[in-house]
Amino acid sequence: MTQRPPRNLPTRLVQAGRKPGAYEGAVNPPIQRASTILAQDPIDLYKPGVNTYGIHGMAVHDVLKEALCDIEGAAACTLVPSGLAACTLALFALTSPNEHVLVTDSVYGPTRRFCDRELAARGIHVEYFAPTIGADFHTLLRANTSLVVLETPGSLTFEMQDVGLIAGLAKAAGARVMLDNTWSAGLYFPPFGHGVDVSIQALTKYQAGHSDVLAGAVLTADERLGKKLSETAKNWGFALAPEDAYLVLRGLRSLPVRLAQHDANGRKVGAFLAQRDGIRRVRHPALPGDPGHALWKRDFTGAAGVFAFELDDDRADSADRVLSALTLFGLGFSWGGYESLAIPCDPQLDRTLPALTDCGPLIRLSIGLEDADDLIADLDQALATL
Ligand SMILES: *Cc1c(COP(=O)(O)O)cnc(C)c1O
């Protein structure tokens, strides 16, 4: 047999799990609504490896997992009903009472809430560290440190972390590393090559891409760890509805082209804001002036269209005035959809360490697939109201 040439990721995502012969010629796998899955023989009901219940997933879940593993180079993937559930599943599965967990201070807010309430209540000691810490990180590691939680760039504030450096130090001390890799959608940062044990994807964002579904995934390159994660999900009874899995898979087919356009639009809008009067700072690691730019350039092959900027106007209502004047940006949480969104960040900026004292009123943008010049014109007129 002649060997096929290696195919690139966009091709593989278009091809993934396509078996028209098995589905009466249909291009896509079917949505199978199932709780009960009937067995042919009573002995099959208890046979390992035989699917007997819809909670374990159907054809569409299998294809989605295969494609998600391909993106990040993972060996195992567990699907869950939201991005937050992916974070909490991994945090729960990888920690035990009396252990110490180090979490980046720039972590996604609801992940912080889970650490402070649920992990702490289980007798796990949670400590936050500065996202830009570097080699000093080793001073924080303790004999009972079991897990390090990273997110790069950080939620809302977009500081870059040296994942390889921190993961190397953590590993040497016997701790595992979990990375919320949602910003890169897995496409622009390969987590396992940088020493990460578990990667989190909020599939709600770019993978789904249309602001109409909640889903999450926990990925690992270690099959044994993958088994532990999927067993914990099973113990908790997590299931992702087949329609939701289908919508995420549909999004994956066009993910590389959408993400490239979000990236181009985001950089164009970011560059505009960086040179405009009235802006103190743009927090976007792919822009050359950003303090995290060198790390981004070393480790990433692209950028999301999500970033933040600080107004050079410390009046309490300045961010709200700009946001109220926008006409193309929806005011709403989440990101990664085709439509642009904006939020004021200050009401939810929750930090343990005093690193953000000089931050101006902060606005986060999720740049959508509109024309970038239209978005720039909208921001320009909204900023002119200050
Ligand atoms: C949105 C988000 C999540 C949670 O995803 P949901 O599907 O909304 O629960 C987790 N991590 C990051 C970085 C996110 O941006």
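Look up: the structure comes first, before these words.
Quantities reported herein were computed from a predicted structural model and do not represent experimental measurements. (Residues numbered from 1 in each chain as written. Predicted model: local features only at pLDDT ≥ 70, side-chain atom pairs only at ≥ 80, totals over all residues. Heavy atoms only, no water.)

A. Representation of the site of the ligand. By nearness alone, 13 residues border the ligand, and Gly-83, Leu-84, Asp-180, Thr-204 and Lys-205 come closest of all. Gly-83 places a main-chain nitrogen or oxygen 2.7 Å from an oxygen atom of the ligand. The contact in question runs from an oxygen atom of the ligand to an N or O atom on the side chain of Trp-335, over 3.2 Å. Burial of the ligand by the protein chains amounts to 91% of its free accessible area of 380 Å². When the residues that make up the shell around the ligand are grouped by side-chain class, the tally is five nonpolar, five polar and three charged. (Near = heavy atom within 4 Å. Polar contact = N/O pair within 3.5 Å; in protein donor to acceptor, adjacent residues only side chain to side chain. Areas by Shrake-Rupley, 256 points an atom, 1.4 Å probe, with all protein chains shown as cover. Nonpolar A, V, L, I, M, F, W, Y, C, P; charged D, E, K, R; others polar.)

B. Fine view of the packing of helix α2 (residues 59-72) against helix α7 (residues 242-253). Put simply, α2 and α7 touch, their axes get as near as 9 Å, and they point 40 degrees apart. Relative to α7, α2 is oriented oblique. The handedness of the crossing between α2 and α7 comes out as left-handed. Facing Val-60, His-61, Val-63, Leu-64, Ala-67, Leu-68 and Ile-71 of α2, the residues of α7 in contact are Pro-242, Ala-245, Tyr-246, Val-248, Leu-249, Leu-252 and Arg-253. (Axes fitted to C-alpha atoms, helices over the stretch in contact; angles between N-to-C directions. Helix = DSSP H or I, 4+ residues; strand = E, 2+ residues; numbered from the N terminus. Parallel < 35°, antiparallel > 145°, perpendicular 65-115°, else oblique. Left-handed = near helix turned anticlockwise from the far one by under 90°. Contact = heavy atoms within 4.5 Å.)

C. Structural detail: the packing of aromatic side chains. Scanning the entire structure with this criterion turns up five aromatic pairs. Their ring planes at 90 degrees and their centres at 5.1 Å tell us that Phe-92 and Trp-236 sit as a pair that is edge-to-face. Here Trp-236 lies in helix α6 (residues 223-236) and Phe-92 lies in helix α3 (residues 83-93), a separation of 144 residues in the sequence. Judged by its relative accessible area of 51%, Trp-236 is exposed. Ring plane angle 65 degrees and centroid distance 5.8 Å describe the contact between Trp-183 and Phe-300, whose orientation is recorded as edge-to-face. Within this pair, whereas Trp-183 is found in the loop between β5 (176-180) and β6 (198-202), its partner Phe-300 is found in the loop between α9 (293-299) and β9 (306-311), the two being separated by 117 residues in sequence. For the pair Trp-183 and Phe-300, one class covers both residues: buried. Through pairs of rings, three or more aromatic residues link up here, namely Trp-183, Phe-189 and Phe-300. The ring of Tyr-128 carries the charged tip of Arg-112 above its face, separated from the ring centre by 4.2 Å. (Phe/Tyr/Trp six-rings, centres within 6.5 Å; stacked < 30°, edge-to-face > 60°. Buried < 20%, exposed > 50% of the residue type's maximum accessible area, 1.4 Å probe, protein only. Lys NZ or Arg CZ within 6 Å of the ring centre and 35° of its normal.)

D. Spotlight on the environment of Leu-353. When you line up the elements, Leu-353 lands in the loop between β11 (341-344) and β12 (362-366). Taking relative accessible area as the criterion, Leu-353 reaches 28% and is therefore assigned partly exposed. Between the C-alpha atom of Leu-353 and that of Leu-331, which follows or precedes it by 22 residues, the distance is 28 Å. Leaving out residues up to four positions away in the same chain, Leu-353 has contacts with Asp-105, Tyr-128, Phe-129 and Ala-130.

Scope: geometric values only; no functional claims are made or implied.
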